[in-house]
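# Observations on chain architecture
What follows is the residue order along each chain.
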Amino acid sequence: MRDMTEAIPRTHPRNGSRHARRATIAIAVSWILLVLGAPLTLVFVTAFGEGAGAFFSALSDSEFLHAALLTMIAALCAVAFNTVFGVLAAWTVARTRLPGRRLISMLLDLPVAVSPVVAGLMFLLLFGRQGWFVSVLERIDVQIVFALPGIVIATIFVTMPFVAKEVLAVLQETGVAQEEAAATLGASSWQVFTRIVVPNIRWAVFYGIVLTAARAIGEFGAVSVLSGNLIGKTQTLPLFIERAYVNYETTLAFAAAVPLTMFALFTIAAHKLIVWLSARRRTLNLAEEATL
Amino acid sequence: MSTTAVGVTDIAIRGVSRAFGEFKALRDVDLEVASGELVALLGPSGSGKTTLLRIIAGLEKQDAGSVMIAGQESTGLASRSRDIGFVFQHYALFKHMSVRQNIGFALKMRKTPKARIDARVDELISLFRLDGLTARYPDELSGGQRQRVALARALAFEPRILLLDEPFGALDARVRQELRRWLRRLHDDIGVTTVFVTHDQEEALEVADRVVVMNEGRIEQIGTPEEVFSNPANVFVMKFLGNVNVFHARVEHGKASVGGLAIEAPGSTSDSARAYIRPHEMDIHRAGQHADDIPATVAFVNPVGANVKVELLTDAGDVVFVEITRGSYLELGLERDMAVGLRPRVFNIFDDYSI
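Keep in mind that this is a model prediction, so the values were computed, not measured.

### Considering the overall build of chain A
Broken down by element type, chain A carries 14 helices and 0 strands. Along the chain direction, N to C, the helices and strands of chain A fall in the order α-α-α-α-α-α-α-α-α-α-α-α-α-α. Against the globule reference of 19 Å for 292 residues, chain A gives a C-alpha radius of gyration of 24 Å, more extended than a compact globule. With the C-alpha coordinates of chain A rotated into their principal frame, the extents come out at 65 × 60 × 40 Å. When burial is assessed residue by residue, chain A has 32% of its 292 residues classed as buried. In chain A, the proportion of contacts linking residues at least 24 apart, taken out of those at least 6 apart, comes to 76%.

Below, the structure is given as structure tokens:
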């Protein structure tokens with residue numbers, strides 16, 4: 001076993017600077033509690049404010065269930081599409097000499113940089129009643145705006161970069177040498193992909209998916225422009241929450257906010273889990289060897 | 001070399017060129033490597049040696065020229081069909097696979113039965129002194145261990161040719177020395193045709209059967225270590241293969257004169273030339289011992305080591321480095337500011353324009 005402990009030089013602050021340290025820590029902790037902890041607690045407190053019965057009856061509201069289903073469908077579509085697209089885009093940028101690959105990499109930032117409301121308006125201009133594609137859409141009799149396809153397109157757009165960026169970072173950091181090595185050792189392109197590339201990028205893909213899902217579920221701006229916010233038809237969970245709150249149905253609004261908040265917490269937990277899992281493999285392996 | 005006498009050519013490169021944009025990495029390169037040979041591609045960075053190695057392996061495509069492997073035209077043939085083991089500069093071990101899985105990878109790709117993979121991997125593990133490390137992952141190995149895993153992995157499928165890109169570059173000096181000799185012994189044992197790239201002349205001269213000296217995309221000279229060191233084809237090779245002193249010479253009637261000393265220079269066509277002399281190819285005499293010695297003054301003496309290193313200043317103003325034995329150092333009683341005579345034993349005269 002190698003020595004895992006490293007000598008960390010400890011500083012011994014003088015009395016004055018110790019007070020300054022404590023003050024700094026106090027400010028940081030209270031800021032986090034105020035800005036993050038308090039609102040988070042408030043969501044749960046308000047949701048259960050009228051008792052667990054009211055909470056669960058709110059969650060069995062048929063409009064809520066429809067909104068939740070719609071949000072899940074949109075999120076699943078976004079995850080499926082953006083996982084495939086993200087891996088392909090990252091691979092194209094990192095591993096080919098395609099002219100314009102840097103442009104792709106820059107454009108990946110666009111969906112995050114542009115305001116979701118603006119994104120919604122862009123699609124309205126493309127697919128709306130006065131939009132560019134209106135004649136095509138009418139001929140094939142497909143409605144995009146104020147319908148499920150519009151919600152899905154808006155969600156895909158705003159969640160486009162997550163998988164691509166995570167995977168791109170890993171591909172660039174890993175370099176091409178392992179893939180070349182596999183090729184000289186007799187692996188076909190497909191084997192290089194499944195046996196070398198996939199294992200190297202799997203955690204990046206997983207984390208990208210978690211981020212995509214979190215963003216897709218919480219998306220408000222673009223979807224609100226493109227969906228028309230039709231109750232029981234094109235209303236997603238965030239739109240449902242907003243309407244409930246505006247209509248003074250506070251318990252309903254906060255009860256519906258609980259699953260969204262839970263998913264946000266799950267996102268953080270998933271990231272920690274990924275870090276922990278990749279560290280554990282090493283520890284396990286060293287332990288196994290020590291017993292030999 | 002008995003292996004060369006067999007006359008089988010494993011690698012034949014003809015007229016290979018490669019450019020990356022404006023940069024010409026290789027310009028019309030020809031090279032043949034016989035079966036069982038150990039060849040070093042030696043040159044400074046940017047000389048094209050790594051590009052040439054990658055073209056042989058099929059990891060890079062040449063713009064022009066042909067590469068024959070074992071008599072078969074290989075242009076357009078994928079890396080995996082070339083029967084070549086490649087050791088990458090930073091080893092490129094598969095990070096998510098254990099040592100055992102790394103070494104067994106090539107056989108697994110060839111759908112070898114598991115029992116045979118295990119047997120072959122066990123064999124390599126003991127050959128490469130990796131016992132006890134089989135369950136480890138690459139980031140749990142030292143530099144030397146990673147290097148040996150990379151070698152074992154590249155040799156697992158018994159390739160016809162082994163290529164190594166700067167195999168010792170990433171190791172510290174002591175491990176490098178040890179692995180160098182070990183690679184030479186390994187090559188003598190298994191006899192696989194081997195080409196390795198290095199920028200370290202000592203490494204090339206110590207390990208290889210033949211050294212290919214490269215510069216700016218061209219091959220400057222091909223020869224045994226002895227040939228390239230003692231009979232350099234040009235100034236570049238001379239300078240690249242070790243310390244060298246430069247003297248200006250005048251050329252008249254096929255004779256070059258350096259100081260008062262006249263040397264035969266039959267090949268010379270210009271009227272001025274330079275003489276290149278290695279530090280150990282010169283003697284120091286007492287001043288006035290020979291009338292035609294080059295007069296000089298001792299500037300610095302470093303008596304530590306097997307040979308004594310002396311720095312001198314000639315009366316013409318050139319700085320000259322000389323290595324002499326301890327014996328002659330003591331006999332001469334060399335010290336600073338002493339006037340002496342310099343006499344080269346060997347000359348390499350190159351016309352002035354060749355620089």
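### Examining the overall build of chain B
In terms of helices and strands, chain B carries 10 helices and 20 strands. By its C-alpha atoms, chain B is 80 × 45 × 40 Å across when sized along the principal axes. Of all intrachain contacts in chain B linking residues separated by at least 6 positions in sequence, the fraction that spans at least 24 positions is 65%.

### Some words on the environment of Gly104(B)
All names here are of chain B. With respect to the helices and strands, Gly-104 occurs in helix H3 (residues 99-109). Sequence separation between Gly-104 and Thr-51 is 53 residues; the distance between their C-alpha atoms is 28 Å. Other than its neighbours up to four places away in sequence, Gly-104 contacts Ile-117, Val-121 and Ala-156.

### Thoughts on the sheet that holds strand S2 (residues 23-34) of chain B
Residues and elements named next belong to chain B. Read from one edge of the open sheet, 4 strands run S2-S1-S4-S5, paired in antiparallel fashion. Each end of this open sheet is capped by a strand with a single partner; those strands are S2 and strand S5 (72-73). Alignment of strand S1 (residues 9-20) against S2, held across 8 bridges, turns out to be antiparallel. From the neighbouring strand, Thr-9 faces S2, where its bridge partner is Ala-34.

### Topic: the packing of helix H9 (residues 161-174) of chain A against helix H11 (residues 189-218) of chain A
All names here are of chain A. Where H9 meets H11, the closest approach of the two axes is 7 Å, and the angle between their N-to-C directions is 160°. Classified by the angle their axes make, H9 and H11 are roughly antiparallel. Note on packing geometry: the crossing formed by H9 with H11 is right-handed. Residues Phe-162, Val-163, Glu-166, Val-167, Val-170, Leu-171 and Thr-174 of H9 lie in contact with H11, whose contacting residues are Asn-200, Ile-201, Ala-204, Val-205, Tyr-207, Gly-208, Ile-209, Leu-211, Thr-212 and Arg-215. When the residues that make up the contact of H9 with H11 are grouped by side-chain class, the tally is 11 nonpolar, 4 polar and 2 charged.

### Digging into the interface of chain A and chain B
On the chain B side, the residues contacting the 20 residues of chain A number 23 residues. Among the secondary structure elements, those contributing two or more residues to the side of chain A that touches chain B are helix H10 (177-184), H11 and helix H14 (250-290) of chain A. It is H10(A) that contributes the most residues to the side of chain A that touches chain B, 6 residues altogether.

### Some points on the sheet that holds strand S8 (residues 193-198) of chain B
All names here are of chain B. If you walk across this open sheet you meet the 6 strands as S6-S7-S8-S3-S9-S10, and the pairing is mixed. The open sheet is flanked by strand S6 (84-87) and strand S10 (218-223), the only strands paired with a single partner. Averaged over all pairs of adjacent strands, the angle between their axes in this sheet comes to 15°, without regard to strand direction. Two elements, S6 and strand S7 (residues 161-165), share 4 bridges in a ladder whose sense is parallel. The residue of S7 that forms the bridge with Val-87 is Leu-164. Contacting S6 and S7, helix H5 (residues 143-155) runs over the sheet at an angle of about 170° to S6.

### With respect to the confidence of the model for chain B
Residues and elements named next belong to chain B. When pLDDT is averaged along chain B, the result is 89, and 95% of the positions lie at 70 or above. Note that pLDDT drops below 50 for residues 1-5; the model gives that stretch 7 contacts with residues more than four away or on any other chain. Interface confidence for the predicted complex, expressed as ipTM, amounts to 0.82; the pTM equals 0.80.

### Focus on unusual backbone geometry
Phi is mostly negative for residues that are not glycine, and the peptide bonds are mostly trans. Residues and elements named next belong to chain B. For Asp-28, which is not glycine, the phi torsion reads 50° and is therefore positive. With respect to the helices and strands, the residue Asp-28 is situated in strand S2. Positive phi, close to 60°, is recorded for Asp-83, a residue that is not glycine. Inspection of the secondary structure assignment puts Asp-83 in the loop between S5 and S6.

### Details of helix H4 (residues 114-127) of chain B
Residue pairs spaced three or four apart in an α-helix point in one direction, given the helix's 3.6 residues per turn. Residue and element names in this part refer to chain B. Here H4 contains 14 residues, and its C-alpha end-to-end distance of 20 Å stays within 8% of the 20 Å for a straight helix at 1.5 Å per residue. Of the positions making up H4, those classed as buried are Ile-117, Arg-120, Val-121, Leu-124 and Ile-125. Buried residues in H4, looked at end-on, bunch into an arc of 140°, giving them a common side. Along H4, the residues that are exposed and aim more than 90 degrees away from the buried face are Ala-115, Arg-116 and Ser-126. Structurally, H4 contributes buried residues whose contacts are with H3 and H5. Just past H4, the residue Arg-129 takes up positive phi, approximately 50°.

### Focus: the nonpolar core
Counting 163 residues, the largest nonpolar core has Val167(A), Ala256(A), Ala40(B), Leu163(B) and Val212(B) as the members making the most contacts within it. Broken down by element, this core gets its largest block of residues, 13 residues, from H11(A). The residues contacting Leu163(B), other than those within four sequence positions of it, are Leu53(B), Ile56(B), Ala57(B), Ile84(B), Phe86(B) and Val195(B).

### A closer look at the packing of helix H3 (residues 62-95) of chain A against H11(A)
All names here are of chain A. Running from amino to carboxyl end, H3 crosses H11 at an angle of 145°, the nearest separation of the two axes being 9 Å. Crossing of H3 over H11 shows right-handed handedness. Each of Thr-71, Ala-74, Ala-75, Ala-78, Val-79, Asn-82, Thr-83, Gly-86 and Val-87 in H3 lies in contact with H11, whose residues at this interface are Val-205, Gly-208, Ile-209, Thr-212, Ala-213, Ala-216 and Ile-217.

Thresholds, definitions, all that
Residues numbered from 1 in each chain as written. Chains lettered and ligands numbered in written order. Predicted model: local features only at pLDDT ≥ 70, side-chain atom pairs only at ≥ 80, totals over all residues. Helix = DSSP H or I, 4+ residues; strand = E, 2+ residues; numbered from the N terminus. Rg over C-alpha atoms; globule rule 2.2 N^0.38 Å. Buried ≥ 20, exposed ≤ 12 C-beta atoms within 10 Å, placed from the backbone. Contact = placed C-beta atoms within 7 Å. Pairing = 2+ DSSP bridges. Axes fitted to C-alpha atoms, helices over the stretch in contact; angles between N-to-C directions. Parallel < 35°, antiparallel > 145°, perpendicular 65-115°, else oblique. Left-handed = near helix turned anticlockwise from the far one by under 90°. Nonpolar A, V, L, I, M, F, W, Y, C, P; charged D, E, K, R; others polar. pLDDT = per-residue confidence, 0-100. Expected span 1.5 Å × (residues − 1). Arc of directions from axis to C-beta. Core = buried A, V, L, I, M, F, W, Y, C linked by C-beta atoms within 7 Å.

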